[in-house]
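Listed below are the residues making up each chain.
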Amino acid sequence: MVKIFKIAVIAGDGIGPEVIREGVKVLNKVAELSGDFRFDFTYFPWGCEYYVKHGKMMDDDGIEQLKVFDAIYLGAVGYPGVPDHISLWDLLLKIRKEFDQYVNIRPIQLLQGAPCPLKDVGKKEIDMLFIRENSEGEYAGAGDWLFKGKAEEVVLQTGVFSRKGTERIIRYAFETARKMGKSLTSISKGNALNYSMVFWDQIFNEISKEYPDVETHSYLVDAASMFMVKQPERFQVVVASNLFGDILTDLGAAIAGGMGLAAGANINPERTYPSMFEPIHGSAPDIAGKGIANPLAAIWSASQMLEFFGYKALADTVIQAIEKILQEKEVLTPDMNGTSSTSEVGDRMVDIISSML
Ligand code: ATP
Ligand code: MG
């Protein structure tokens with residue numbers, strides 16, 4: 001029997017819809033070639049353009065509407081004129097929180113043919129899997145604005161690290177490292193953040209005792225930034241808090257080919273709620289509407305979706321196809337020094353995948 005996966009598509013703003021269209025193309029082709037399953041896509045018009053018209057980023061019962069899906073495929077939200085914290089909190093972070101997508105997975109893998117700004121760094125040396133805490137920490141939204149007259153104004157932004165939240169992300173990271181047979185590096189800042197990161201380090205040490213077979217490392221976030229550039233081969237599976245993970249994965253994206261290649265998955269491991277797959281770039285208003293956005297990040301996140309549904313071999317095929325299109329250097333968008341359009345890249349990807357399956 002052919003399995004049907006119900007996918008909610010929130011293509012969003014700017015280049016979001018342009019890149020998602022190509023991801024959908026690839027997903028449909030992979031499903032067709034496999035013959036085992038197919039996708040049923042439902043499109044939601046939510047995002048900043050929706051906000052401008054309706055005064056909200058998504059329907060009031062949006063979370064209810066999304067609950068019935070197997071996964072969410074998201075483009076990008078963001079629009080000049082709509083403050084970033086609104087688009088972020090009222091859609092992206094809302095979905096992550098409501099659906100308890102507490103694991104953010106970002107592959108930082110330098111494929112052959114991808115542009116790398118580092119000298120003397122080869123393909124095998126940048127091959128990391130970042131596991132970022134996605135539900136609390138520095139993004140807990142806890143804080144206050146203390147008004148005591150302008151000169152004495154003080155603003156507080158508090159990180160919230162619960163034992164439950166910290167244990168579950170670190171345990172997930174250990175499980176992943178064990179399954180992959182790789183080392184696990186924890187990112188921290190226990191010397192300066194004398195509550196939250198001391199706690200993080202303590203829990204990392206506690207849980208590491210349950211995984212004596214997993215080699216572990218611990219780096220201060222500042223040192224980790226330096227080593228990611230100087231000796232990226234030090235890192236395999238990496239676990240980090242919400243903020244540190246956010247910053248380091250942008251650095252990671254830069255060393256592994258740029259925003260046009262950076263993919264991310266927001267996972268609810270218990271599968272109680274849908275997980276969400278998205279390229280990590282924004283809506284890129286500067287190039288929106290020109291048909292030149294790079295769809296490879298969106299396609300890579302589609303591959304993460306395939307893996308999440310249990311089709312690891314098909315997911316790997318999609319990544320190999322990305323590597324092939326990069327190596328061919330014939331059909332690429334301008335950010336990859338090519339001259340092709342978004343849809344030409346999507347079409348070529350479909351051809352390559354068809355030749356591989
Ligand atoms: P937002 O406000 O939604 O974050 P942004 O413009 O800040 O949007 P970023 O992801 O931060 O988006 O991207 C910064 C710049 O990188 C973009 O303005 C664009 O020039 C380039 N860029 C990002 N993603 C892509 C892509 N998929 N293809 C080509 N260029 C991209
Ligand atoms: Mg941005």
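Our subject is the structure that appears above.
I will try to describe carefully the structure that is included in this document. (Residues numbered from 1 in each chain as written. Chains lettered and ligands numbered in written order. Predicted model: local features only at pLDDT ≥ 70, side-chain atom pairs only at ≥ 80, totals over all residues.)

1. Remarks on the environment of G78
Here comes step 1: Looking at where G78 falls in the secondary structure, it is placed in the loop between β3 (71-76) and α4 (84-98).
Here comes step 2: In this structure the C-alpha to C-alpha distance between G78 and G12, which are 66 residues apart in sequence, comes to 8.0 Å.
Here comes step 3: When neighbours within four sequence positions are excluded, G78 is seen to be in contact with D13, G14, C48, D84, S87, G282 and S283. (Helix = DSSP H or I, 4+ residues; strand = E, 2+ residues; numbered from the N terminus. Contact = placed C-beta atoms within 7 Å.)

2. Remarks on the nonpolar core
Here comes step 1: With 103 residues, the main nonpolar core has I72, I131 and V318 as its most contacted residues.
Here comes step 2: Per-element accounting of this core gives the leading share, nine residues, to helix α9 (residues 296-308). (Core = buried A, V, L, I, M, F, W, Y, C linked by C-beta atoms within 7 Å. Buried ≥ 20, exposed ≤ 12 C-beta atoms within 10 Å, placed from the backbone.)

3. Structural notes on the pairing of strand β9 (residues 216-220)
Here comes step 1: For strand β8 (residues 184-188) and β9, the ladder comprises five bridges, and the chain directions are parallel. Across the sheet, residue L184 finds its bridge partner in β9, namely T216.
Here comes step 2: Considered for its hand, the β-α-β crossover made up of β8, helix α6 (residues 196-208) and β9 is right-handed. (Pairing = 2+ DSSP bridges. Right-handed = clockwise from strand over helix to strand, strands pointing away.)

4. Considering the packing of helix α5 (residues 163-180) against α6
Here comes step 1: One can describe the packing of α5 onto α6 by two numbers: an axis separation of 10 Å at closest approach and a directional angle of 45 degrees. One finds that α5 runs oblique with respect to α6. Remark: the crossing between α5 and α6 carries right-handed chirality. Only F199, W200, I203, F204 and I207 of α6 make contact with α5, whose side of the interface consists of T166, E167, I170, R171 and F174.
Here comes step 2: Here the residues of the contact of α5 with α6 are counted per class, giving seven nonpolar, one polar and two charged. (Axes fitted to C-alpha atoms, helices over the stretch in contact; angles between N-to-C directions. Parallel < 35°, antiparallel > 145°, perpendicular 65-115°, else oblique. Left-handed = near helix turned anticlockwise from the far one by under 90°. Nonpolar A, V, L, I, M, F, W, Y, C, P; charged D, E, K, R; others polar.)

5. What about the site of ligand 1?
Here comes step 1: In the region of ligand 1, 17 residues are neighbours, and G78, H281, G282, A284 and N294 sit closest.
Here comes step 2: Per-class residue counts for the shell around ligand 1 are nine nonpolar, six polar and two charged. (Near = placed C-beta within 6 Å.)

6. Looking at helix α11 (residues 342-356)
Here comes step 1: Across its 15 residues, α11 extends 21 Å between first and last C-alpha, which sits within 8% of the 21 Å expected from 1.5 Å per residue.
Here comes step 2: Turning to α11, its buried residues are T342, V345, G346, M349, V350, I352 and I353. An end-on view of α11 places all buried positions within 165 degrees of arc, on one side of the element.
Here comes step 3: On the buried face of α11, the contacting elements are α1 (16-34), α9 and α10 (312-328). (Expected span 1.5 Å × (residues − 1). Arc of directions from axis to C-beta.)

7. Observations concerning the pairing of strand β11 (residues 263-267)
In regular strands, side chains alternate between the two faces of the sheet.
Here comes step 1: Most of β11 is tucked away: five of the five residues are buried.
Here comes step 2: Relative to β11, strand β4 (residues 103-109) is paired through three bridges, and the arrangement is antiparallel. Following the sheet pairing, I105 is matched in β11 by A265.

8. Focus on α6
An α-helix turns once every 3.6 residues. As a result, residues three or four positions apart point the same way.
Here comes step 1: Over its 13 residues, α6 runs 18 Å from end to end, which matches the ideal 18 Å to within 8%, given 1.5 Å per residue.
Here comes step 2: Among the residues making up α6, those that are buried are M197, W200 and F204. Taken down its axis, α6 places every buried residue within 50 degrees of arc, on the same side.

9. Looking at the environment of S301
Here comes step 1: Residue position: S301 is located in helix α9.
Here comes step 2: Excluding its chain neighbours within four sequence positions, the residues that come into contact with S301 are A263, G264, A265, F277, E278 and P279.

10. Examining the sheet that holds β8
Here comes step 1: An order of β2-β1-β3-β12-β11-β4-β5-β10-β8-β9 is seen for the ten strands of this open sheet, with the pairing classed as mixed. Since the sheet does not close on itself, it has two edges, and those belong to β2 (37-43) and β9, each with one partner. Within this sheet the neighbouring strands show an average axis-to-axis angle of 25 degrees, counted without direction.
Here comes step 2: By the bridge criterion, four bridges tie β11 to strand β12 (residues 275-279) in an arrangement that is antiparallel. Looking at β12, one finds that G264 is bridged to E278.
Here comes step 3: Of the strands in this sheet, β8 and β9 are in contact with helix α7 (residues 221-230), which crosses β9 at around 105 degrees.

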